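Now for the letters of each chain:
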Amino acid sequence: MQPVKIINSTFIPLPLEQVDTDQIIPARFLKATTRDGFGKNLFRDWRYENDNEQQPKKDFVLNNPIYKGEILVAGKNFGCGSSREHAAWAVLDYGFKVVISSFFADIFKNNALNNGVLPVQVSDDFLQRIFNQPHDAMLTVDLENKRVTIDQTGEYEAFEINNYKRTCLLNGYDDIDFLISMKEEIEEFEAIRS
C-alpha cells in the first residue's frame, strides 16, 4: 500500500445519501479476485446509459470534467449494504485516496482502511460546508494531525481514526507489514518468554 499522510486536492462531490456497495460496484463485476480494474466500473450504473461505456451520462459528476481530485465527498451512510471488499477496491482503483462523509457503514469503513483508502467522518454541518464550496476548492486531509481543512476558508474539523489503522496508513502497511515492522519487539518478547 502507498502511505497516506497529507492529501491536498480538489474533490468530487457526490451529495447522495445511502450509497450502497452495489451502487459503488455492481455485483456483476465481482468476478475478479485481484484488486485491479475495478475503478473503471465505479458507480457503473450511474455513469453510463444502458451499461454502455460509449454513452456516459452527462449529468453524473464523474463524467463532468470540471470535477477532479483524489478526494470523494459523499452523503451520509456511504458504503452501506453488502460487505463486498470490491467497493473499497473500486474507490482506490479509480484514484481516490480519501472518502469524506458524515457516516460510513462499518464494514465499508474497515475494508477501506485495510486497502489504503482513508474514510474521514465529519459532522453533517461540516460536510455541508464542503459541498457548498466551488468546484475548484481545495481540501487538505492531514492524517497525522487527524483533521480536514477547507483551504479557501481555513475552516477545519478533527476526525477520529483507530490508532493502529492510522499507523498502518501513515506507513503504507497492511497487517502483515505492520507485524514485520515489529520483528525486533516480537523477538525480544519471545526471548523473555522462552
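Only a predicted model underlies this, so the values are computations on that prediction, with no experimental measurement involved.

**Considering the nonpolar core**
(1) Moving on: Grouped together as the largest cluster of nonpolar side chains are 26 residues, with contacts concentrated most on Ile 24, Phe 43, Phe 78 and Phe 108.
(2) Moving on: Counting residues per element, the ones that place at least two in this core are β1 (6-14), β2 (71-74), α3 (86-94) and α4 (106-114).
(3) Moving on: Tallying contributions element by element places α3 first for this core, with five residues.
(4) Moving on: Each residue touching Phe 78, except ones within four places of it in the same chain, is listed here: Leu 14, Val 19, Ile 24, Phe 43, Leu 72, Val 99, Ser 101, Phe 103, Phe 104, Ala 105 and Phe 108.
(5) Moving on: Of all hydrophobic cores here, the second largest spans 25 residues; its members include Ile 100, Leu 113, Phe 126 and Leu 127.

**Topic: the pattern of salt bridges**
(1) Moving on: Scanning all chains against the criterion turns up 11 salt bridges.
(2) Moving on: Measuring nitrogen to oxygen at the nearest pair gives 2.8 Å for the salt bridge that ties Arg 44 to Asp 51.
(3) Moving on: Judged by relative accessible area, Arg 44 falls into the buried class, the value being 6%.
(4) Moving on: In this structure, the salt-bridge partner of Lys 97 is Glu 70, at a minimum N-O distance of 3.3 Å. Highlighted residues: Lys 97 in the loop between α3 and β3 (98-101) and Glu 70 in the loop between α2 (44-47) and β2, separated in sequence by 27 residues.

**Focus: the sheet that holds strand β7 (residues 156-158)**
(1) Moving on: Pairing is mixed across the open sheet formed by seven strands, whose spatial order is β4-β3-β2-β1-β5-β6-β7. Edge positions in the sheet fall to β4 (118-121) and β7, since each has one partner strand and no second. Strand-to-strand twist of the sheet, defined as the mean angle between neighbouring strand axes without regard to direction, takes the value 25°.
(2) Moving on: Direction of pairing for β2 relative to β3: parallel, over a ladder of three bridges.

Quick notes on the rules
Residues numbered from 1 in each chain as written. Predicted model: local features only at pLDDT ≥ 70, side-chain atom pairs only at ≥ 80, totals over all residues. Heavy atoms only, no water. Core = buried A, V, L, I, M, F, W, Y, C linked by side-chain atoms within 4.5 Å. Buried < 20%, exposed > 50% of the residue type's maximum accessible area, 1.4 Å probe, protein only. Helix = DSSP H or I, 4+ residues; strand = E, 2+ residues; numbered from the N terminus. Contact = heavy atoms within 4.5 Å. Salt bridge = Lys/Arg side-chain N within 4 Å of Asp/Glu carboxyl O. Pairing = 2+ DSSP bridges. Axes fitted to C-alpha atoms, helices over the stretch in contact; angles between N-to-C directions.

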